[in-house]
Amino acid sequence: MIFNRPKSLLLAAIALCFVVSLFENHIQSYWLYVSYDIAVNIILAVSLNLINGYTGQFSLGHAGFMAVGGYTAAVISNQFSGSNPVLAAAIFLAALIAGGLLAAAGGLLVGLPTLRLRGDYLAIVTLGFGEIIRVIIQNMDAIGGARGYSVIHGWTNFFWAFGIAAVTIYVVVALVHSTYGRGFIAVHDDEIAASAVGINPTKYKVTAFVIGAFFAGIAGGLYAHSKQYLTPDGFGFMKSIEIVVMVILGGMGNTPGVVLAAILLTLLPEGLRTLGDVEHVPGISAEYPLGWIANTRMIIYSLLLIVLMLTRPQGLFTRQSARKNPKIA
Amino acid sequence: MNVRPAQFLAALAVSLSLVGCNKSPSSAAGGGSDVIKVGEYASLTGKEAAFGQSSHEGTALAVDDLNAAGGVLGKKIQLITEDDQSQAGQPATDVRKLISDDGVVAVLGEVASSRSLEAAPICQENHIPMISPSSTNPRVTEVGDYIFRVCFIDPFQGTVMANFATKTLKLKTAAVLTDVTSDYSMGLAKFFKESFTADGGKIVAEQTYSGGDKDFSAQLTAIKAANPDGIFIPGYYTEVGLIAIQARQLGINLPLFGGDGWESSSLVSIGGAALEGTYFSTHFTPEDTNAVVQAFVKKFQAKYNQTPDAMAALGYDSLMILADAMKRAGTTDGDKVRDALAATKDFPGITGNITIDAERNASKPAVILEIKNGKYHYLQTIAP
């Protein structure tokens, strides 16, 4: 692995995101914000893939980490009221990182005592953790409780969203490629064999959790500054499941696949929705002939998931059975 | 998939930068063609679907009525509805689509205050008037001067019930039993206590419970010991039904009364006979003898084969008040419609005569219903 090329390409990707962000005003705001959703989902799915895919754990609490990061970043940025763009950018970055760090601390907190559990048991504990976070927020009056919390600044833009998505992909891929990172896959493949060769599985699991939670927290911060309104309901169990579906559909331990799945699953419901707005289709006389697609899009979406899972259980974008042996992208 | 991470990053960045460029912004501000586009975001599916569907049916009926009468400003109203699935995060996307993709001139929604609060800043930022049919939390219209509502707010309901207690029920003392886990219940209780005391009444007992509780005998025993003339219960129907049963079992035969959280067909099936002679305030009753209301009830029954509830009536009023403002403004321009909306005075809505006050809330009467023989009966209307 030559380390220089990926690094310079990462910088090129970030620079490209910056250039695109200069032309944001020319992109329709609906699609622009859908693209932010895509970036947030990429970060969530890629970071969960480190836990669920590469390390072979089963976490159902990713939305909880996202909530911690989102609320933390929002509380910090809401203290700021100036108009200096450089200062705003610095505060945004600091708020995102603070959100990520607090989420990582949450990852450590839930990880240390529970990661000795395996499989289903771990899934239930992480599920409980996510719900606890949600209920705590619901009862904290200072951040709006069940009513929700307004975020003053809509700072998320193309540069931040996709720049951070690129960094996340880079970090996860580079980490799994590194000598240290092989330990994650060893833990995934066979915990007993891994500990027999001197790898401490608990340490690797906690590390995966902390890194995954950090990026989920940052995704939460980006989400907060794009939607500008947070409610505890938005970080429930269903959000965690959504992210798990992206990882499974993309292929466990297949980063490019997971990224494509995140894009596809975010675009699909929106794309089906806009089909309904097509006024005429050549050969059909009725107005809005595709309206039924828009009305039944959530059913179509669910059906597609079932069909995909039946026909491509190894993941939509995986050539071989990657669940058994996660392939390093 | 043997893609190098770096190549992949570059490909990703390029492909994603193309997303969104495939459609140019709709330049027509809805008024360019022969229709006026009005957007609606509603919880048609998900946990608040019952409320969202009702509200949407009311709005859809208003579209029929307006278009049958020749439309607004000579153009037909086209309602574009987006389902937010009762999910946080969706209203923002829905409203951005309605505004930037469909080019609507105004937005209607939502039932739940938290989702209205999510969409409101976007409407405000784009200078598109938004009317919420039934979000009662005061903070919704505080978002900005383009955000309106056609329902009354929580503080008003507390005041109404205090007036009703002192004037109609002639209570001198009252007890309050509040759900501490609900913002709505706490707000109602607060404003009830303030007005009741100001009217010369006295609160002799204050007890609390948590939503989901099943046993209220401790609170009710304490209330019985304080010997009030009546009990105000600003909660939701599930607990209210149980409280009524347990109160009667303890021999408390005082009048019980509360707010619109009581309104559900489940209330009577839970509380049964224990609810005889209890009262609550709400937005609307199909029993209202007013000709406008009866015409609405008839049309609604003809179209949907069921009796409209308060949500449907509010959904209907939200579009009617918008159409009225457009007619008075003579245009669909967002700023002018906003000004006309703010100047709405004594508009004859289904849910009473609506006047928009300085905080863009609807100042309008509340309806008080009495439960008799397991049915809701219209008792009186209390004007603000």
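Note that the coordinates shown come from a computational prediction; the quantities given were computed from them, not determined experimentally.

**Points about the overall build of chain B**
Along chain B, the regular secondary structure elements total 12 helices and 15 strands. Reported as C-alpha extents along the three principal axes, the dimensions of chain B are approximately 75 × 60 × 40 Å. Burial statistics for chain B: of 384 residues in total, 53% are counted as buried. The long-range share in chain B, meaning contacts at least 24 apart out of those at least 6 apart in sequence, stands at 66%.

**Overview of helix 2 (residues 29–54) of chain A**
Residue and element names in this part refer to chain A. Over its 26 residues, helix 2 extends 36 Å from the first C-alpha to the last, a length consistent with the 38 Å expected when each residue adds 1.5 Å. Taken as a whole, helix 2 carries its principal kink of about 35° at L48. Counting buried positions along helix 2 gives 25 out of 26 residues, so the element sits mostly inside the fold. Where helix 2 ends, the next residue or the one after it, G56, has phi of about 75°, a positive value.

**A short note on the packing of helix 11 (residues 310–329) of chain B against helix 12 (residues 334–342) of chain B**
Residue and element names in this part refer to chain B. Remark: helix 11 packs on helix 12, axes separated minimally by 8 Å, with the N-to-C direction vectors making an angle of 115°. In this view, helix 11 runs roughly perpendicular relative to helix 12, as classed from their interaxial angle. In terms of crossing hand, the pair formed by helix 11 and helix 12 is right-handed. Residues A325, M326, R328 and A329 of helix 11 lie in contact with helix 12, whose contacting residues are K336, V337, A340 and L341. Taken together, the residues that form the contact of helix 11 with helix 12 break down as 6 nonpolar, no polar and 2 charged.

**Some remarks on the nonpolar core**
Counting residues in each nonpolar core, the largest one holds 203 residues, and the members touching the most others are I43(A) and A45(A). At 18 residues, helix 2 of chain A tops the list of elements feeding residues into this core. Counting residues domain by domain, this core receives three or more from each of domain 1 (35–152 + 290–364) and domain 2 (155–282) of chain B.

**A closer look at the pairing of strand 14 (residues 366–372) of chain B**
Residues and elements named next belong to chain B. For strand 14, the tally of buried residues reaches 5 of 7 residues, placing the bulk of the element in the interior. For strand 10 (residues 278–282) and strand 14, the ladder comprises 5 bridges, and the chain directions are antiparallel. The residue of strand 14 that forms the bridge with F280 is L369. One ladder, built from 7 bridges, connects strand 14 with strand 15 (residues 375–382); its direction is antiparallel. Note that in strand 15 the partner of V367 across the bridge is T381. Once strand 14 ends, the chain turns through 2 residues before running back antiparallel as strand 15, passing N373 with a positive phi of about 50°.

**Comments concerning the packing of helix 3 (residues 62–77) of chain A against helix 4 (residues 85–114) of chain A**
Packed helix pairs are specified by the crossing angle of their axes together with the interaxial distance, meaning the distance between the axes. All names here are of chain A. Running from N to C, helix 3 and helix 4 point in directions that differ by 145°, and their axes come no closer than 8 Å. In this structure, helix 3 crosses over helix 4, and the sense of that crossing is right-handed. Of the residues in helix 4, those in contact with F65, V68, G69, G70, T72, A73, I76 and S77 of helix 3 are I91, F92, A95, L96, A98, G99, G100, L102, A103, G106 and G107. Per-class residue counts for the contact of helix 3 with helix 4 are 11 nonpolar, 8 polar and no charged.

**So, the pairing of strand 12 (residues 352–356) of chain B**
Residue and element names in this part refer to chain B. Both strand 11 (residues 347–349) and strand 12 contribute to a ladder of 3 bridges, which runs antiparallel. If you follow G349 over to strand 12, its bridge partner there is G352. Two successive antiparallel strands, strand 11 and strand 12, enclose a turn made up of 2 residues. The loop that links strand 12 with its antiparallel partner strand 13 (residues 362–363) comprises 5 residues; one of these, R360, has a positive phi angle of about 65°.

**Section: helix 4 of chain A**
All names here are of chain A. With 30 residues, helix 4 should cover 44 Å at 1.5 Å per step; its first-to-last C-alpha distance of 43 Å lies within 8% of that length. Within the sequence span of helix 4, burial applies to F92, A95, L96, G99, G100, L102, A103, A104, G106, G107, V110 and G111. Here the buried face of helix 4 lies against helix 3, helix 5 (119–138) and helix 9 (201–227).

**Re the sheet that holds strand 15 of chain B**
Residue and element names in this part refer to chain B. Taken in spatial order, the 7 strands make up an open sheet running 7-6-8-9-10-14-15, and their pairing is mixed. This sheet does not close on itself; its edge strands, each paired only once, are strand 7 (202–209) and strand 15. Sitting on the sheet, helix 7 (residues 217–226) touches strand 6 (173–179), strand 7 and strand 8 (231–232), and the angle it makes with strand 7 is about 175°.

**Side note on the domain arrangement of chain B**
Along its sequence, chain B is organised into domain 1 (35–152 + 290–364) and domain 2 (155–282). One C-alpha centre belongs to domain 1 of chain B, the other to domain 2 of chain B; they are set 31 Å apart.

**Observations regarding the environment of L254(B)**
Residue and element names in this part refer to chain B. Along the polypeptide, L254 turns up in the loop between helix 8 (237–249) and strand 9 (256–258). The sequence separation of L254 and A325 amounts to 71 residues, and the corresponding C-alpha distance is 46 Å. When sequence neighbours within four positions are dropped, the list of residues in contact with L254 reads P228, D229, G230 and I231.

**Focus on unusual backbone geometry**
All names here are of chain B. For the bond running from G109 to E110, omega is 5°, close enough to zero to count as cis. Within the element layout of this structure, E110 appears in the loop between strand 3 (106–108) and helix 4 (113–125). Phi at H127 is positive, roughly 55°, even though this residue is not glycine. Its location among the elements puts H127 in the loop between helix 4 and strand 4 (130–132).

**Quick look at the confidence of the model for chain B**
The predicted coordinates of low-pLDDT regions are not to be read in fine detail. Residues and elements named next belong to chain B. Chain-level statistics for chain B give a pLDDT mean of 86 and a share of 91% at 70 or above. Overall, residues 8–31 carries pLDDT values under 50, and its contacts beyond four positions in sequence, including any with other chains, amount to 50 contacts. In the predicted complex, the global pTM is 0.80; the interface-specific ipTM is 0.78.

**A short note on the sheet that holds strand 12 of chain B**
Strands sit in the order 11-12-13 (chain B) across an open sheet of 3 strands; the sheet is antiparallel. Looking along the sheet, the strands with just one partner apiece sit at the ends: strand 11 and strand 13 of chain B.

So, how was this worked out
- Residues numbered from 1 in each chain as written.
- Chains lettered and ligands numbered in written order.
- Predicted model: local features only at pLDDT ≥ 70, side-chain atom pairs only at ≥ 80, totals over all residues.
- Helix = DSSP H or I, 4+ residues; strand = E, 2+ residues; numbered from the N terminus.
- Buried ≥ 20, exposed ≤ 12 C-beta atoms within 10 Å, placed from the backbone.
- Contact = placed C-beta atoms within 7 Å.
- Expected span 1.5 Å × (residues − 1).
- Bend = angle between axes of the 7 residues up to and from the residue.
- Axes fitted to C-alpha atoms, helices over the stretch in contact; angles between N-to-C directions.
- Parallel < 35°, antiparallel > 145°, perpendicular 65-115°, else oblique.
- Left-handed = near helix turned anticlockwise from the far one by under 90°.
- Nonpolar A, V, L, I, M, F, W, Y, C, P; charged D, E, K, R; others polar.
- Core = buried A, V, L, I, M, F, W, Y, C linked by C-beta atoms within 7 Å.
- Domains from an automatic or database assignment.
- Pairing = 2+ DSSP bridges.
- pLDDT = per-residue confidence, 0-100.

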